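Letter by letter, the chains look like this.
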Amino acid sequence: MPSSPAPGGRGRRPADRPPITPTGIVDAALRLTETDGLDAWSTRQLAAALEVWPRAVYHHVGDRDAVADAVADRVVGMIPLPPQELEWREWFSTLLLEGRPLLRRYRGVARRLVRIGPIIPSALAMMDRGILVLQQAGFADGATAAYRYLTNSAFTLVMVEDDRAENLPEARVRLAGALAAHRDDPTRRGLAAVGAAVTSRGTDDPAAVAALEDDFYAYTVARSLDGVAAVLTRPDRGGLPG
């Protein structure tokens, strides 16, 4: 990556380059996010990628938080909202399972959603649709809490996966190997069962370890849906916190 905003000039772009626009800035930030993660690049690095001075980024979009919000808005907007007429469990299962690959592709977006909440337009649109689906399913005043529980459970797990990929890329392989070592341990039957399950999937193959993460994410989504579904059988289902 170049260390200065533009070669041979004080931030001037070559004449054959298109002018700087807010969309172009977010496009460049999206590319940096896909490569390095949302929290890894600075405004100066973004400006260098665009061959402009940082003040051009501030002028067209705003400070780094504003750019990060715009990137998160773009990514969340890529997640297709299921048809509103779907049954609520299918609606959320589809949303959360199809949303994970996009959030993993752009590391850090899930973390931002969990930490600061759905303040960006695309997340607000997702919330509006999801709460309406839950209200129509009979959750009444508890729809808001149910929505927050389902999305936060899923997005927090993605955030953990992102952190592991960025800071401890070999952690899952090491864990799988450690668990597999107990597969024949007669004194620890619980660990032996886990070790046998892990061994059956492979312990030194990154693809197999990734498949384990896929399965656990799907399991988490399904069990979260089970927990929320149980609320519908309670007489006080409308009394959940908002």
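Here, every reference points to the structure presented above.
The structure presented is a predicted model; accordingly, all values stated were derived computationally and were not measured.

Novice: Honestly, the nonpolar core in this entry has me stumped. Any pointers?
Specialist: General note: in soluble globular proteins, nonpolar side chains tend to be found buried as a group. Counting residues in hydrophobic clusters, the biggest one holds 54 residues, and the most contacted among them are Leu46, Val71, Trp88, Leu103 and Val109. Of all the elements, helix α8 (residues 143-167) adds the most residues to this core, at eight residues. Not counting chain neighbours up to four residues away, the residues in contact with leucine 46 comprise Ile25, Ala28, Ala29, Leu32, Trp41, Val57 and Val67.

Novice: What should I look at first to understand empty space enclosed by the protein in this one?
Specialist: Remark: the empty space left among the atoms is shown by a probe the size of a water molecule rolled over them. Under the counting rule described, the total for this entry stands at one cavity of 30 Å³ or more. Considered as a void within the structure, the largest cavity measures approximately 30 Å³ in volume. Lining the largest cavity, in full, are Asp69, Ala72, Arg112, Leu113, Ile116, Gly117, Ile119 and Ile120. Secondary-structure elements contributing two or more residues to the lining of the largest cavity are α4 (64-78) and α6 (109-116). By residue number, the principal contributor to the lining of the largest cavity is α6, which donates three residues. When grouped by side-chain class, the residues that make up the lining of the largest cavity number five nonpolar, one polar and two charged.

Novice: What is the right way to read the side chain of glutamate 213 from this model?
Specialist: Its place among the elements puts glutamate 213 in helix α11 (residues 206-231). Relative accessible area serves as the criterion here: at 14%, glutamate 213 is assigned to the buried category. Among the polar contacts listed, one links the side chain of glutamate 213 to the side chain of arginine 164, at a separation of 3.1 Å.

Novice: How should I be thinking about the pattern of salt bridges in this particular structure?
Specialist: Pairing between side chains becomes possible if they bear opposite charge and their charged atoms approach one another. Tallied over the full model, the rule gives 15 salt bridges. Salt-bridge contacts for arginine 74 lead to aspartate 27; the nearest nitrogen and oxygen are separated by 2.8 Å. A residue pair is termed long-range when its members are at least 10 positions apart, and arginine 74 in helix α4 and aspartate 27 in helix α1 (residues 22-36) qualify at 47 residues. Classification of aspartate 27 as partly exposed rests on a relative accessible area of 27%. Residue arginine 164 pairs with glutamate 213 through a salt bridge whose shortest N-O separation is 3.1 Å. Residue arginine 164 is located in helix α8, and its partner glutamate 213 is located in helix α11; the two are separated by 49 residues in the primary sequence. Exposure remark for arginine 164: the relative accessible area of 22% places this residue in the partly exposed category. Through salt bridges with shared partners, a single ionic network connects Arg100, Arg104, Glu161, Asp162, Arg164, Glu213 and Asp214.

Novice: Would you explain unusual backbone geometry in this entry?
Specialist: Here glutamate 51, not a glycine, exhibits a phi torsion of approximately 60°, which is positive. With respect to the secondary-structure elements, glutamate 51 resides in the loop between α2 (43-50) and α3 (54-60). With a phi close to 50°, alanine 140 is a non-glycine residue in the positive phi region.

Novice: Would you mind showing me how to read the packing of aromatic side chains here?
Specialist: How two aromatic rings sit relative to each other is given by the distance of their centres and the angle of their planes. For the structure on display, the rule yields three aromatic pairs. With centroids separated by 5.1 Å and ring planes inclined at 80°, the aromatic side chains of tryptophan 88 and phenylalanine 139 adopt a geometry described as edge-to-face. Within this pair, whereas tryptophan 88 is found in helix α5 (residues 88-105), its partner phenylalanine 139 is found in the loop between α7 (121-136) and α8, the two being separated by 51 residues in sequence. Phenylalanine 139 shares its class with tryptophan 88; the two are buried.

Novice: Please clarify how the packing of α4 against α7 should be interpreted in this entry.
Specialist: The relative placement of two packed helices is expressed as an angle between their axes plus a distance between the axes. Contact geometry of α4 with α7 gives a least axis separation of 7 Å together with a crossing angle of 40°. Contact residues: Ala72, Asp73, Val76 and Gly77 in α4; Pro121, Ser122, Ala123 and Met126 in α7. Of the residues in the contact of α4 with α7, the class split is five nonpolar, two polar and one charged.

Novice: Please explain the packing of α6 against α8 as it appears in this structure.
Specialist: One way to put it is that α6 packs onto α8 with a least axis distance of 8 Å and a crossing angle of 130°. The pairing of α6 with α8 is recorded here as oblique in orientation. Regarding α6 and α8, the two cross each other, and that crossing is left-handed. Across from Ala110, Arg111, Leu113 and Val114 in α6, the residues of α8 making contact are Phe155, Thr156, Val158, Met159, Asp162, Asp163 and Glu166. The residue inventory of the contact of α6 with α8, partitioned by class, reads six nonpolar, one polar and four charged.

Parameters and conventions
- Residues numbered from 1 in each chain as written.
- Predicted model: local features only at pLDDT ≥ 70, side-chain atom pairs only at ≥ 80, totals over all residues.
- Heavy atoms only, no water.
- Core = buried A, V, L, I, M, F, W, Y, C linked by side-chain atoms within 4.5 Å.
- Buried < 20%, exposed > 50% of the residue type's maximum accessible area, 1.4 Å probe, protein only.
- Helix = DSSP H or I, 4+ residues; strand = E, 2+ residues; numbered from the N terminus.
- Contact = heavy atoms within 4.5 Å.
- 1 Å grid on protein atoms, 1.4 Å probe; cavity = no way out; pocket = protein on both sides within 12 Å on 5 of 7 lines; lining within 4 Å.
- Points joined across faces, edges and corners; volume = space filled by probe spheres on them.
- Nonpolar A, V, L, I, M, F, W, Y, C, P; charged D, E, K, R; others polar.
- Polar contact = N/O pair within 3.5 Å; in protein donor to acceptor, adjacent residues only side chain to side chain.
- Salt bridge = Lys/Arg side-chain N within 4 Å of Asp/Glu carboxyl O.
- Phe/Tyr/Trp six-rings, centres within 6.5 Å; stacked < 30°, edge-to-face > 60°.
- Axes fitted to C-alpha atoms, helices over the stretch in contact; angles between N-to-C directions.
- Parallel < 35°, antiparallel > 145°, perpendicular 65-115°, else oblique.
- Left-handed = near helix turned anticlockwise from the far one by under 90°.

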